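One-letter residues, chain by chain:
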Amino acid sequence: METTTLEHELPVYARIGAEIVSGDGVMVETKDGQRWIDFYGGHAVALLGYRHPRLMAALREQAERLFFQTNAVDVEVRQRAHTALAGLAPEGLDRVFLVNSGAEANENALRIAFVQHPGRTQVVCLAGGFHGRTAAAGAVTAGALGRWYAFPRTPFDVVTIPVGDEAALRAAVGVQTAAVILEPIQGIAGCVDLEPAYLRAVREVADATGALFLADEVQCGMGRSGAAFAVQLAGVVPDLLTTAKGLAGGFPAGAVITTAQLASKLTIGSLGTTFGGGPMACALIEAVAHELTDTDLLANVRARSEQLRATCQVGPVVGVQGQGLLLGLRCNRPVAQILPALRERGILAGGSSDPHVLRLTPPLILEACHVEALAAALSDLPEDPHAPMA
Ligand SMILES: Cc1ncc(COP(=O)(O)O)c(C=O)c1O
């Protein structure tokens, strides 16, 4: 296949060997004319799919009005984005700092934890968690230290505990712990949802020790779980919540959302960012947030999720995990064998750090017919893992 030359690019991504040239709704089209239903959403970013009318209108209108201004000046659309996010977040989380990515959001949230606890030295994180590739976020990302964390040391002590193990949680978190960071639904791990009881235990242990509970909803937030934020499914309120990916529907944006009490510890210069909170991102954040509150999108997430669970345990799929439209299909063979065969059948899906879990992170506008097409494609895959794909 003819693709654009990659000679000037750093060789850091595994590629699927296709060039996507356009998208519309949940469909993407490749340069050689293949059309795929996008169950991957560009790493879970295309929250409202492609060419969504509300996003296109917000983008055009804001571009005409004011393309960029810094945080040193008041910009009305930034205040509207803050208000919209505070309206979506769990009760009590109503202070917002806008940045440009998930890692940057986590980096700043961890910084806020150490501003609150200047004497503490440790962060507790969960096995399998992914929080980003910057110094602090990478330090609490599972496996990073042995694999791709190239810094000579971590900025704080890191203790990694097994998922769902309350005894390990209670043993690890103490008066040295500034924060416990976790994804309520672990995305890259393969859509591993943490039990509500475990999330409540994290809240309890954090309250008992003063450690801050940092919920990383970079991937599972903004409606993907079927609630605006996944912690709301468990009725738990963290001290800090981060989100990014679909936050601005594809425009780079991240957010730290926290309490008035923690915000009161910050002073001028505690945090900073040049592009974060830029008017274009803010217009899109507001549009995405309003789409979640003004339409039946969350109901659609829950309905499509149920349909996926009910109909997609076919072919190589032996189980379904996760919530909403962050679902992992556990397969009886490595997904590396399955993904190309699905693309041949018109389905673009993703993998995860679990070689047997196929990750679905489609746009939340997914329709019943798309789920039917996925179920048909999965059923159509040959039984024999070694048989050539038809
Ligand atoms: C849960 C979670 N946190 C943080 C990140 C890092 O986000 P970014 O790549 O925008 O820095 C990711 C990215 O996949 C993620 O899934």
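Residues numbered from 1 in each chain as written. Predicted model: local features only at pLDDT ≥ 70, side-chain atom pairs only at ≥ 80, totals over all residues.

1. As for the overall build of the protein chain
Right, on to step 1. Secondary structure assignment for the protein chain yields 14 helices and 16 strands.
Right, on to step 2. A compact globule built from 390 residues would reach a C-alpha radius of gyration of about 21 Å, and the protein chain, at 21 Å, matches this within 12%.
Right, on to step 3. C-alpha extents for the protein chain along the principal axes are approximately 60 × 55 × 45 Å.
Right, on to step 4. Of all 390 residues assigned to the protein chain, the portion counted as buried reaches 49%. (Helix = DSSP H or I, 4+ residues; strand = E, 2+ residues; numbered from the N terminus. Rg over C-alpha atoms; globule rule 2.2 N^0.38 Å. Buried ≥ 20, exposed ≤ 12 C-beta atoms within 10 Å, placed from the backbone.)

2. Structural notes on the domain arrangement of the protein chain
Right, on to step 1. In terms of domain boundaries, the protein chain breaks down into domain 1 (20–51 + 296–380) and domain 2 (53–294).
Right, on to step 2. Opposite the 26 residues of domain 1 that make contact, domain 2 presents 27 residues.
Right, on to step 3. Where the side of domain 1 that touches domain 2 is concerned, the elements lending two or more residues are α1 (41–44), α12 (297–311), β13 (317–323), β14 (326–331) and β16 (357–360).
Right, on to step 4. If you tally residues by element for the side of domain 1 that touches domain 2, the top one is α12, at 5 residues.
Right, on to step 5. For the side of domain 1 that touches domain 2, a count of residues per class yields 13 nonpolar, 9 polar and 4 charged. (Domains from an automatic or database assignment. Contact = placed C-beta atoms within 7 Å. Nonpolar A, V, L, I, M, F, W, Y, C, P; charged D, E, K, R; others polar.)

3. Structural notes on the pairing of strand β10 (residues 212–216)
Right, on to step 1. Of all 5 residues in β10, 5 are buried; the element is thus mostly enclosed.
Right, on to step 2. What you see with β10 is no split at all: Leu212, Leu214 and Asp216 on one side and Phe213 and Ala215 on the other are buried throughout.
Right, on to step 3. Taken together, the 4 bridges between strand β7 (residues 177–182) and β10 define a ladder with parallel strand orientation. Note that in β10 the partner of Ile181 across the bridge is Leu214. (Pairing = 2+ DSSP bridges.)

4. Considering the packing of helix α3 (residues 76–88) against helix α11 (residues 279–294)
Describing two packed helices takes the angle between their axes plus the distance from one axis to the other.
Right, on to step 1. Two elements in contact, α3 and α11, have axes whose closest approach is 8 Å; the angle formed by their N-to-C orientations is 35°. Along this stretch, α3 crosses α11, giving a crossing that reads as left-handed. Two secondary-structure elements touch here, α3 through Val77, Arg78, Arg80, Ala81, Ala84, Leu85, Gly87 and Leu88 and α11 through Pro279, Cys282, Ala283, Ile285, Glu286, Ala289, His290, Leu292 and Thr293.
Right, on to step 2. Taken together, the residues of the contact of α3 with α11 sort by class into 11 nonpolar, 3 polar and 3 charged. (Axes fitted to C-alpha atoms, helices over the stretch in contact; angles between N-to-C directions. Left-handed = near helix turned anticlockwise from the far one by under 90°.)

5. Concerning unusual backbone geometry
Glycine aside, a negative phi is what most residues show, and trans is what most peptide bonds show.
Right, on to step 1. Unusually for a residue other than glycine, His43 sits at a positive phi of about 60°.
Right, on to step 2. You can see His43 is positioned in helix α1.
Right, on to step 3. Notably, Cys191 is not glycine yet its phi reads approximately 65°, a positive angle.
Right, on to step 4. Note that Cys191 resides in the loop between β8 (185–186) and β9 (192–193).
Right, on to step 5. Here Cys191 falls in the buried class, since 29 other C-beta atoms lie within 10 Å of it.

6. Side note on the site of the ligand
Right, on to step 1. Every one of the 15 residues lining the ligand counts as a neighbour, but Ser101, Gly102, Ala103, Gly132 and Val218 are closest to it.
Right, on to step 2. Considering every element that reaches the shell around the ligand, the biggest residue donor is helix α4 (residues 102–116), with 3 residues.
Right, on to step 3. Of the residues that constitute the shell around the ligand, the class distribution is 5 nonpolar, 8 polar and 2 charged. (Near = placed C-beta within 6 Å.)

7. So, helix α13 (residues 335–344)
Right, on to step 1. Residues Val335, Ile338 and Leu342 constitute the buried set of α13. Projected down its long axis, α13 shows its buried positions confined to an angular sector of 55°, all on one face. Facing away from the buried side of α13 by over 90 degrees, the exposed positions are Ala336 and Pro340.
Right, on to step 2. Looking at the buried residues of α13, the elements they touch are β14, β15 (347–348), β16 and α14 (368–380). (Arc of directions from axis to C-beta.)

8. Some words on the sheet that holds strand β12 (residues 254–258)
Right, on to step 1. With respect to topology, 7 strands assemble into an open sheet ordered β4-β12-β11-β10-β7-β5-β6, the strand pairing being mixed. In the strand order of this sheet, the two ends are held by β4 (95–99) and β6 (157–161), each with one partner. The sheet shows a mean angle of 20° between the axes of neighbouring strands, taken without regard to direction.
Right, on to step 2. Packed on one face of the sheet, α3 meets β4 and β12 and runs near 120° to β4.
Right, on to step 3. With respect to the sheet, α4 is in contact with β4, β5 (122–126), β7, β10, β11 (240–243) and β12, its orientation differing from that of β12 by roughly 30°.

9. A short note on the sheet that holds strand β2 (residues 27–30)
Right, on to step 1. The strand order across the open sheet built from 4 strands is β1-β2-β3-β15, with neighbouring strands paired in mixed fashion. Edge positions in the sheet fall to β1 (20–24) and β15, since each has one partner strand and no second.

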